[in-house]
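An overview of the molecular structure
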Amino acid sequence: MPYVTDSILVLDFGSQYTQLIARRIREEKVYSEIQPFDYPIESIESLKPKGIVLSGGPSSVYEEGAPLPSEGLFELGIPVLGICYGLQAIAWQWGGEVAHSNRREYGPAIIEVLKKDALFEGFEAIPENERKVWMSHGDRIENLPDTFEILAKTENSPVCAIRHVDRPIWGLQFHPEVHHTVHGKRILKNFIFSICGCQPSWTMQSFVEESAEKIRESVGKEKVIGAVSGGVDSTVMAALVGKAVGKRFFPIFVNNGMLRKNEAEEVIHLYRDVLHLNLIYHDATERFLGALKGVIDPEEKRKVIGKTFIDVFVQEAGKIQDVAFLAQGTLYPDVIESVSFKGPSVTIKSHHNVGGLPDKMPLKLIEPLRELFKDEVREVGKVLGLTDDIVGRHPFPGPGLGIRMLDDVTPEKLEILRDADAIVMEEVRRSGLYRKVWQVFPVLLPVRTVGVMGDERTYEQVIVIRAVHSVDGMTADWVRFPYDVLARLSNRIINEVRGVNRVVYDISSKPPSTIEWE
Ligand code: XMP
């Protein structure tokens, strides 16, 4: 916890809501960090959190190998709040009895607070219909150790909230972090402010100042390089590293030939003229398209693009003397993926960014955004003076348009896709919908269909429009675009893009589909 004095540590027992807990705490301007459930006691001592939250999780405490808090956690004297599985783990470790319940509870329940306590401060005044809490558990506490008392119950959970009689340990059977728990935020605030005594001092402004100072200190007189794409994460990273070390930072921008129309020029302008950074630009279009010749399989395409990118980057970086650091725009969700005790999930697609670089280059890593969620990165960008247009950009995949055309990548297809993409962007921005959706883009299909234009038969390609709402790209739903917007997209694409005579709309959610087609 390098940036602030007051922070809350969240120990992850595998809950789908772990990130949400950290987010809710950060929304209160208190720094929060997630670590695995068995994070060593010595590390916790050196982090000095003001409070510890034990997340929920899918396990049962009585099962062989169930994750349990580290020995000595409760001896630290730091306030602990166990949520769902976290509560059961506390009860279990203190000698209570937890068993599978015949009355599993999923969904809303009404809680009744039985005892006045700092955790439920302000609850007296809340009417019954607003005391809704979100349950999601199959186990329940059958026997509470004598050292604990019950603070609240629901109809199905006689032990819904507990606290230790003389130590700072609390537990909740429900999830205060989800929106369905109507006053969950108040409970979390009671914990972090009244119980742990945190000050709300963690802001993006303070983050920028402190992290720039930290980068300056660790870099000293040496040089830093970093791969940039013009996307939100790498641009914010670059603006921050640039603020810290100025001209000793060399952002490297590789044009892989699969960028959007005018994108290379815009990115160069942004880095050189707006951010005043020492941009190194290399156009490797021919190399990428050469390597991709005849490659059809989507995974193979991604691998070829990823490998070529690393080769080109290493070659460009080699031209700068005495580099000691590699800066990356890694975000918190990427870090947590590798922290979670369940381990990373299966690879559906190999995402090509700069993941393979550190192995190839024996440089020290700087990852200034490693503690931030996407919306926090956008805030940091604004603090650094980036415009809404830049921080509000839709995500664009590393392999670019290459994974938005099926079958092989050719210059002809790239031209069709660039023209269609430019129309989609223009029309969606004009309709005021750009900011309201996660992503919108065209995909070129490798099929031709029959059409008729000016009395002539045509036999041309098909463009798909894909537009999705999403919070983090992990799940997504297709956007219900107004018909008139769809009509304009279709008209303009068919009229203006040569080689296309049909436009269709993708109405698949993720899962079971993915956002990109490849
Ligand atoms: P999928 O297609 O996996 O996409 O549902 C989820 C989100 O990730 C983006 N995406 C990528 N981003 N490098 C990236 O930086 C990649 O290789 C890559 N592939 C997919 C995609 O645009 C969507 O926002």
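Quick notes on the rules
- Residues numbered from 1 in each chain as written.
- Predicted model: local features only at pLDDT ≥ 70, side-chain atom pairs only at ≥ 80, totals over all residues.
- Heavy atoms only, no water.
- Helix = DSSP H or I, 4+ residues; strand = E, 2+ residues; numbered from the N terminus.
- Rg over C-alpha atoms; globule rule 2.2 N^0.38 Å.
- Buried < 20%, exposed > 50% of the residue type's maximum accessible area, 1.4 Å probe, protein only.
- Contact = heavy atoms within 4.5 Å.
- Areas by Shrake-Rupley, 256 points an atom, 1.4 Å probe, with all protein chains shown as cover.
- Lys, Arg positive; Asp, Glu negative; His and termini not counted.
- Charge placed at Lys NZ, Arg CZ, Asp CG, Glu CD.
- Pairing = 2+ DSSP bridges.
- Axes fitted to C-alpha atoms, helices over the stretch in contact; angles between N-to-C directions.
- Salt bridge = Lys/Arg side-chain N within 4 Å of Asp/Glu carboxyl O.
- Core = buried A, V, L, I, M, F, W, Y, C linked by side-chain atoms within 4.5 Å.
- Domains from an automatic or database assignment.
- Phe/Tyr/Trp six-rings, centres within 6.5 Å; stacked < 30°, edge-to-face > 60°.
- Lys NZ or Arg CZ within 6 Å of the ring centre and 35° of its normal.
- Parallel < 35°, antiparallel > 145°, perpendicular 65-115°, else oblique.
- Disulfide = S-S within 2.5 Å.
- Left-handed = near helix turned anticlockwise from the far one by under 90°.
- Nonpolar A, V, L, I, M, F, W, Y, C, P; charged D, E, K, R; others polar.

Some words on the overall build of the chain
Secondary structure summary: the chain contains 15 helices and 19 strands in total. Computed over its C-alpha atoms, the radius of gyration of the chain comes to 26 Å, within 12% of the 24 Å expected for a compact globule of 518 residues. Projected onto its principal axes, the C-alpha positions of the chain cover 85 × 60 × 40 Å. Taking all 518 residues of the chain together, 54% fall into the buried category. Sequence separation of 24 or more characterises 77% of the internal contacts of the chain that already satisfy a separation of 6 or more. Total accessible area on the chain stands at roughly 23300 Å², and carbon and sulfur atoms take up 50% of it. Counting 61 positive and 73 negative side-chain charges, the chain places the centres of these two groups 4 Å from one another.

Details of the sheet that holds strand β15 (residues 364–366)
Judged by pairing direction, the sheet is parallel, and its 5 strands sit side by side in the order β13-β12-β11-β14-β15 without closing on themselves. The sheet is open, and its two edges are formed by β13 (280–283) and β15, each paired on a single side. Averaged over all adjacent pairs, the angle separating strand axes in this sheet is 30 degrees, with direction ignored. Across 4 bridges, strand β12 (residues 249–255) lies against β13 in parallel orientation. Looking at the pairing, I252 lines up with I280 of β13.

Regarding the pattern of salt bridges
This structure, assessed with the given rule, holds 34 salt bridges. Taking the shortest distance from any N to any O, the salt bridge between R163 and D117 comes out at 3.4 Å. In this pair, R163 sits in strand β9 (residues 161–164) while D117 sits in the loop between β6 (112–113) and β7 (132–143), placing the two residues 46 residues apart along the sequence. By the burial criterion, R163 is buried, and D117 matches it. Close ionic contact of E427 with R430 constitutes a salt bridge, the shortest N to O distance being 3.5 Å. You can see E427 and its partner R430 sitting in helix α14 (residues 411–430), 3 residues apart, about one turn around the helix. A relative accessible area of 2% places E427 in the buried class. Among the residues examined, R430 registers a relative accessible area of 58% and is labelled exposed. Here the residues in one salt-bridge network are E426, E427, R430, R488, R492 and E496, joined through shared partners.

Comments concerning the nonpolar core
Among the nonpolar cores identified, the biggest contains 51 residues, and I225, F313, I463, F481 and I493 are the most heavily contacted of them. With 8 residues, α14 is the single largest residue contributor to this core. Counting only domains with at least three residues in this core, you end up with domain 2 (204–391) and domain 3 (410–505). Ignoring sequence-local partners within four residues, the contact set of I493 consists of A420, I423, V424, I463, I465, V500 and V503. Counting 43 residues, the second largest nonpolar core, distinct from the first, contains M237, L240, L270 and A324.

Considerations on the packing of aromatic side chains
One pass over the structure, following the stated rule, counts 12 aromatic pairs. Plain terms: the ring middles of Y31 and W202 are 5.2 Å apart, the flat faces sit at 55 degrees to each other, and that makes the pair tilted. Of this pair, Y31 sits in strand β2 (residues 31–36) while W202 is found in the loop between α4 (184–195) and α5 (204–219), placing the two residues 171 residues apart along the sequence. The interplanar angle of 75 degrees and the centroid separation of 6.2 Å between the aromatic rings of W478 and Y505 together place this pair among those described as edge-to-face. Here Y505 lies in strand β19 (residues 500–505) and W478 lies in strand β18 (residues 477–478), a separation of 27 residues in the sequence. What links up through ring pairs into an aromatic cluster is the set F13, F37 and Y85. Just above the ring of Y332 sits the side chain of R26; from NZ or CZ to the centre is 4.9 Å. Geometry around F441 places R404 over its ring, the cationic atom sitting 3.8 Å from the centre.

Thoughts on the packing of α5 against helix α12 (residues 374–383)
At a minimum axis separation of 9 Å, α5 and α12 run at an interaxial angle of 75 degrees. When the interaxial angle is binned, α5 and α12 end up roughly perpendicular. The residues of α12 that touch α5, namely those facing M204, Q205, F207 and V208, are E376, E379, V380 and V383.

What to know about the domain arrangement of the chain
Interface size is commonly expressed as the accessible area that is lost once the parts come together. Looking at the assigned domains, one finds that the chain contains domain 1 (7–195), domain 2 (204–391) and domain 3 (410–505). Here the C-alpha centre of domain 3 lies 48 Å away from the C-alpha centre of domain 1.

Overview of the state of the cysteines
In this structure the tally under the stated criterion is 0 disulfides. C196 supplies the cysteine sulfur nearest to C198, a cysteine that is in no disulfide, at a spacing of 5.3 Å.

Things to note about the packing of helix α8 (residues 285–292) against helix α9 (residues 298–317)
Running from N to C, α8 and α9 point in directions that differ by 150 degrees, and their axes come no closer than 10 Å. The two elements α8 and α9 meet at a crossing, and its hand is right-handed. Contacts between α8 and α9 involve R287, F288, A291 and L292 from the first element and K301, V304, I305, T308, F309, D311, V312 and Q315 from the second. Per-class residue counts for the contact of α8 with α9 are 7 nonpolar, 2 polar and 3 charged.

Here's the deal with the sheet that holds strand β8 (residues 148–153)
Two orientations exist for strands paired in a sheet by backbone hydrogen bonds: parallel and antiparallel. Reading across the sheet, the 8 strands line up as β2-β1-β3-β4-β10-β9-β8-β6 and stay open at both edges, with mixed pairing between neighbours. Unpaired on one side and paired on the other, β2 and β6 mark the two borders of the sheet. Relative to strand β10 (residues 169–172), β9 runs antiparallel, the two sharing 3 bridges. Directly across from A161, in β10, lies its bridge partner L172.

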